[in-house]
Amino acid sequence: MLRIAVSKGRIFRECIPLLARAGVVPRDDPDTSRKLILDTNQADVKLVIIRAADVPTYVQYGAAELGVTGKDVLMEHGGEGLYEPLDLGIARCRLMVAGPRRAARLHRRLRIATKYVQSTRRYYAALGQQVEIVKLYGSMELAPLVGLADRIVDLVDTGNTLRANGLVPLEHIADISSRLVVNKAAMKMKHAAVSALVDALGRAVEEQAQEPA
Ligand code: ATP
Ligand code: PRP
């Protein structure tokens, strides 16, 4: 049995064509079904539907042999117990520092609101800049508007969310896309089945990249 951990919404939607090319077709849609374990056309492959930030944890503990998750999530988790054999090239965006267009000159440490505490800490440490980090769980764009923070670190794709809130992108931290992750023990114990699926997904990514968007 192989279990693939995915989050519903964007990653599930963008993953479906790749899984289909690799021969895995789920029997249900998590946006309409309340089921958390989805059967597929292959009796020995199931999809486990969980929150995006929980995917590395499920795979690390072997509760799922494989998972699909954003590089942003992996950078926060640290990747312990995981192989990252494939960049799936889906859910592409950028991790960025953003803030108001005209920021006041500060005489204290910058205060940064983010759910990406580890990545933010590493980024500013590498710059040698002391900052105060405020952990949030979402809607980061609000923080500078109400005086909670001077800047945010968040994902940016079209930039529409920043613009709608009067913010601008300021510094690029990392390019983000979704990765296939594999439990290290499962890679050994279930090598034939896991590597067959990894290879099939690798071919699917290459085929999809050849096609016009
Ligand atoms: P949850 O819904 O559990 O709070 P979430 O809001 O992070 O989690 P999604 O918005 O579905 O869940 O994001 C899942 C992943 O998709 C992110 O970790 C990131 O890798 C990627 N992603 C997020 N926002 C964008 C975006 N605007 N464009 C492209 N990819 C994105
Ligand atoms: C993500 C991210 C940004 C937005 C950026 O939010 O947290 O707010 O996308 O995309 P843009 O640059 O194209 O506007 P998402 O749409 O996933 O909403 P959620 O995190 O609140 O679910």
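Reading guide: rules and limits
Residues numbered from 1 in each chain as written. Chains lettered and ligands numbered in written order. Predicted model: local features only at pLDDT ≥ 70, side-chain atom pairs only at ≥ 80, totals over all residues. Heavy atoms only, no water. Buried < 20%, exposed > 50% of the residue type's maximum accessible area, 1.4 Å probe, protein only. Helix = DSSP H or I, 4+ residues; strand = E, 2+ residues; numbered from the N terminus. Pairing = 2+ DSSP bridges. Near = heavy atom within 4 Å. Polar contact = N/O pair within 3.5 Å; in protein donor to acceptor, adjacent residues only side chain to side chain. Areas by Shrake-Rupley, 256 points an atom, 1.4 Å probe, with all protein chains shown as cover. Nonpolar A, V, L, I, M, F, W, Y, C, P; charged D, E, K, R; others polar. Axes fitted to C-alpha atoms, helices over the stretch in contact; angles between N-to-C directions. Parallel < 35°, antiparallel > 145°, perpendicular 65-115°, else oblique. Left-handed = near helix turned anticlockwise from the far one by under 90°. Contact = heavy atoms within 4.5 Å. Expected span 1.5 Å × (residues − 1). Core = buried A, V, L, I, M, F, W, Y, C linked by side-chain atoms within 4.5 Å. Domains from an automatic or database assignment. Buried area = accessible area lost by both parts, 1.4 Å probe. Salt bridge = Lys/Arg side-chain N within 4 Å of Asp/Glu carboxyl O.

Draft legend 1. A look at the pairing of strand β11 (residues 178–183). Of all 6 residues that make up β11, 6 are buried, and the element is covered over most of its length. Both faces of β11 are covered, namely the face carrying S178, L180 and V182 and the face carrying R179, V181 and N183. Where strand β4 (residues 66–70) meets β11, 5 bridges bridge the pair, whose relative direction is antiparallel. By the bridge assignment, T69 is partnered in β11 with R179. Where strand β5 (residues 82–87) lies against β11, 4 bridges are found, and the strand directions are antiparallel. Each residue of the ladder has a partner; that of Y83, found in β11, is V182.

Draft legend 2. Geometry of the site of ligand 2. In the vicinity of ligand 2, the contacting residues are R10, E141, D154, L155, V156, D157, T158, G159, N160 and T161. At 3.4 Å, a side-chain N or O of D154 approaches an oxygen atom of ligand 2. One nitrogen or oxygen atom from the main chain of G159 is found 2.7 Å from an oxygen atom belonging to ligand 2. Surface burial for ligand 2 is 58%, taken as the share of its 500 Å² of free accessible area covered by protein chains. Of all the elements in the fold, those that place two or more residues in the shell around ligand 2 are β9 (151–156) and α6 (160–164). Its residues assigned to classes, the shell around ligand 2 shows 2 nonpolar, 4 polar and 4 charged.

Draft legend 3. The packing of helix α1 (residues 10–21) against helix α8 (residues 191–210), seen in detail. At a minimum axis distance of 8 Å, the contact between α1 and α8 shows a crossing angle of 115°. Considering the angle they form, α1 stands roughly perpendicular to α8. In terms of crossing hand, the pair formed by α1 and α8 is right-handed. Contact residues: P17, L18, L19 and R21 in α1; L201, A204, V205, E207 and Q208 in α8. Here the residues of the contact of α1 with α8 sort into 6 nonpolar, 1 polar and 2 charged.

Draft legend 4. Region of the structure containing α8. For α8, with 20 residues, the first-to-last C-alpha span of 28 Å sits near the 28 Å given by 1.5 Å per residue. For α8, the secondary structure elements touched by its buried residues are β1 (2–6), α1, β4, β5, β11 and α7 (184–189).

Draft legend 5. Seen up close, the nonpolar core. Judged by nonpolar contacts, the single largest core of 30 residues is most densely connected at I4, L66, V68, L88, L180 and L201. Those elements giving two or more residues to this core turn out to be β1, α1, β3 (45–49), β4, β11 and α8. It is α8 that contributes the most residues to this core, 7 residues altogether. Beyond its immediate sequence surroundings of up to four residues, L201 is in contact with L18, L19, A22, L86 and L180. With 14 residues, the next largest nonpolar core counts M75, V97, I173 and I176 among its residues.

Draft legend 6. Local environment of the sheet that holds strand β10 (residues 167–176). As summarised here, the arrangement of the 5 strands in space is β8-β7-β9-β6-β10, forming an open sheet in which the pairing is mixed. Taken across any chain shown, the strands that pair with only one partner, and hence form the sheet edges, are β8 (131–135) and β10. With direction set aside, neighbouring strand axes in the sheet form an average angle of 30°. Taken together, the 3 bridges between strand β7 (residues 110–114) and β9 define a ladder with parallel strand orientation. The partner of I112 across the bridge, within β9, is R151.

Draft legend 7. Structural detail: the domain arrangement of the protein chain. Under the domain assignment, the protein chain is made up of domain 1 (2–91 + 177–210) and domain 2 (93–175). Across the contact, 5 residues belong to domain 1 and 11 residues belong to domain 2. Carbon and sulfur atoms supply 48% of the area that domain 1 and domain 2 bury against each other, a total of about 630 Å² over both sides. The largest contributions to the domain 1 side of the interface with domain 2 come from D72, M75 and E76, which together make up 80% of the buried area. If you look at where domain 1 meets domain 2, you find 0 salt bridges. In this structure, the connection of domain 1 to domain 2 is made through 5 residue pairs in polar contact (both at pLDDT 80 or more). Tallied by class, the residues present in the side of domain 1 that touches domain 2 amount to 2 nonpolar, 1 polar and 2 charged.

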